[in-house]
Amino acid sequence: MEFTAKQIAEFIQGKVEGDENATVNTFAKIEEGVPGAISFLSNPKYTHYIYETKSSVVLVNEDVELDKPVSATLIRVKNAYECVARLLQLYESMKPKKTGIDSLASISPKATIGKDVFIGAFAVIGDGAVIGDGTQIYAHTVVGDGVTIGEKCLIYPNVTIYQGCKLGNNVTIHAGTVIGADGFGFAPNTEGYNKIPQIGIVVIEDDVEIGANTCIDRSTMGQTVIRKGVKLDNLIQVAHNCEIGENTVMSAQVGLAGSTKVGAWCMVGGQAGFSGHIQIADKTFIGAQSGVIKNTKGNGETLIGSPAIDPKVFFKAKAVYPRLPEMYKEIAALRKEIEELKKK
């Protein structure tokens, strides 16, 4: 399907510079542009590519200043990155949706299946499960007994959703993710450990996306909750009884210990770790590989390092760290000199 620069500009409320009839039928990175592709420029580091790209159309921010003419047609917008996301969403929505139930799927007669649902080969739908209208469940996924999945959800292959868990509408779960496995609960005794039964569930609200091979544990009692609009990357561990607030995003390999409460609109870098039973305020920014061991102070706080601290303090300490061996030798020499002076 082709679109003209004029049509695209009207959709994203941009201004065309160049040939408004230039057509595109695919997307490409600006450094890998080809005729018929649309690219975007939002990072100044890539500005030099705009003079040599073969893409037919390039989205740029309104304030971008160019040193020389370009061959591509430009569409100036307030936020090029945001606009290309909108275009990619439009492109994705136009792809044909799979429907129908594969003959090799195993569906309990006690399950309730909505309209226009797709269920792939070797998927298993348990007793009492409810699948909402327009939801797609790909091959080898297991939906346990009593699970509720809302409308227009997308469940990729090899996902496991344990019994009783609840998913809202427009939830996307990528391959290999496990929702509702037992929380890590064991009580020590003289002979080892007694397992504490995990009788709660996981609740995932609307518009959540969860990356591949992420694990969200069921609660000991009550609910582990992923609030509306949360985006989780691959390989994340969310322990029992945690709660992640609305529109919070987490990069890969983040780990939350049990009963951690993360506020709304937080941003968490990769490999950050959280101690259990702490509360993270709304709009907290956690740097990659940070170790958060206590409650955060308030909205807008930024923390990095392990234990996580204010960035200004962290970088001051980091600047001193390489000099510690030298400083240690100096202190040892001073101590020796002081001892000699005392003897005199």
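I will try to describe carefully the structure that is included in this document. (Residues numbered from 1 in each chain as written. Predicted model: local features only at pLDDT ≥ 70, side-chain atom pairs only at ≥ 80, totals over all residues. Heavy atoms only, no water.)

Bringing the overall build of the chain into the picture now. Counting secondary structure elements, the chain contains four helices and 39 strands. Computed over the C-alpha atoms, the radius of gyration of the chain is 27 Å, more than 25% above the 20 Å expected from 2.2 N^0.38 for a compact globule of 344 residues. With respect to the principal axes defined by its C-alpha atoms, the chain has extents near 90 × 70 × 30 Å. Across the 344 residues of the chain, 40% fall into the buried class. For the chain, contacts bridging at least 24 residues in sequence account for 17% of all contacts bridging at least 6. (Helix = DSSP H or I, 4+ residues; strand = E, 2+ residues; numbered from the N terminus. Rg over C-alpha atoms; globule rule 2.2 N^0.38 Å. Buried < 20%, exposed > 50% of the residue type's maximum accessible area, 1.4 Å probe, protein only. Contact = heavy atoms within 4.5 Å.)

With that out of the way, let us pick up the packing of helix H1 (residues 5–12) against helix H2 (residues 80–93). Two numbers describe how H1 lies on H2: the axes approach to 10 Å, and their chain directions differ by 110°. The angle between H1 and H2 places the two elements in the roughly perpendicular class. For the pair H1 and H2, the contacting residues are Ile8, Phe11 and Ile12 in the first and Cys83, Arg86, Leu87 and Leu90 in the second. Of the residues belonging to the contact of H1 with H2, the class tally is six nonpolar, no polar and one charged. (Axes fitted to C-alpha atoms, helices over the stretch in contact; angles between N-to-C directions. Parallel < 35°, antiparallel > 145°, perpendicular 65-115°, else oblique. Nonpolar A, V, L, I, M, F, W, Y, C, P; charged D, E, K, R; others polar.)

Both strand S22 (residues 186–189) and strand S23 (residues 192–195) contribute to a ladder of four bridges, which runs antiparallel. Of the residues in S23, the one forming a bridge with Phe186 is Lys195. The turn linking S22 back onto S23 is made up of two residues. (Pairing = 2+ DSSP bridges.)

Turning to the sheet that holds strand S34 (residues 267–268), a few remarks are in order. Here 11 strands make up an open sheet; going across it, the order is S8-S11-S14-S17-S20-S25-S28-S31-S34-S37-S39 and the pairing parallel. The sheet is open, and its two edges are formed by strand S8 (100–101) and strand S39 (302–303), each paired on a single side. Examined bridge by bridge, strand S11 (residues 118–119) and strand S14 (residues 136–137) share two bridges and lie parallel to one another. Its bridge partner lying in S14, Phe118 is registered against Gln136.

This part covers the pattern of salt bridges. Counting across every chain of the model gives six salt bridges. Of the charged contacts in the structure, one is a salt bridge between Asp182 and Lys195, with a shortest N-O distance of 3.0 Å. Taken as a pair, Asp182 in the loop between strand S21 (178–181) and S22 and Lys195 in strand S23 lie far apart in primary sequence, 13 residues in all. Owing to a relative accessible area of 44%, Lys195 belongs among the partly exposed residues under this scheme. The residue Arg227 makes a salt bridge to Glu205 at a minimum N-O spacing of 2.6 Å. (Salt bridge = Lys/Arg side-chain N within 4 Å of Asp/Glu carboxyl O.)

A few words on the state of the cysteines. Summed over the entire model, instances satisfying the criterion amount to zero disulfides. Cys165 supplies the cysteine sulfur nearest to Cys153, a cysteine that is in no disulfide, at a spacing of 13 Å. Taking the relative accessible area as the measure of exposure, Cys153 reaches 1% and is therefore buried. Cysteine Cys165 is unpaired, with the sulfur of Cys215 as its nearest cysteine sulfur at 12 Å. Here Cys165 falls in the buried class, since its relative accessible area comes to 0%. (Disulfide = S-S within 2.5 Å.)

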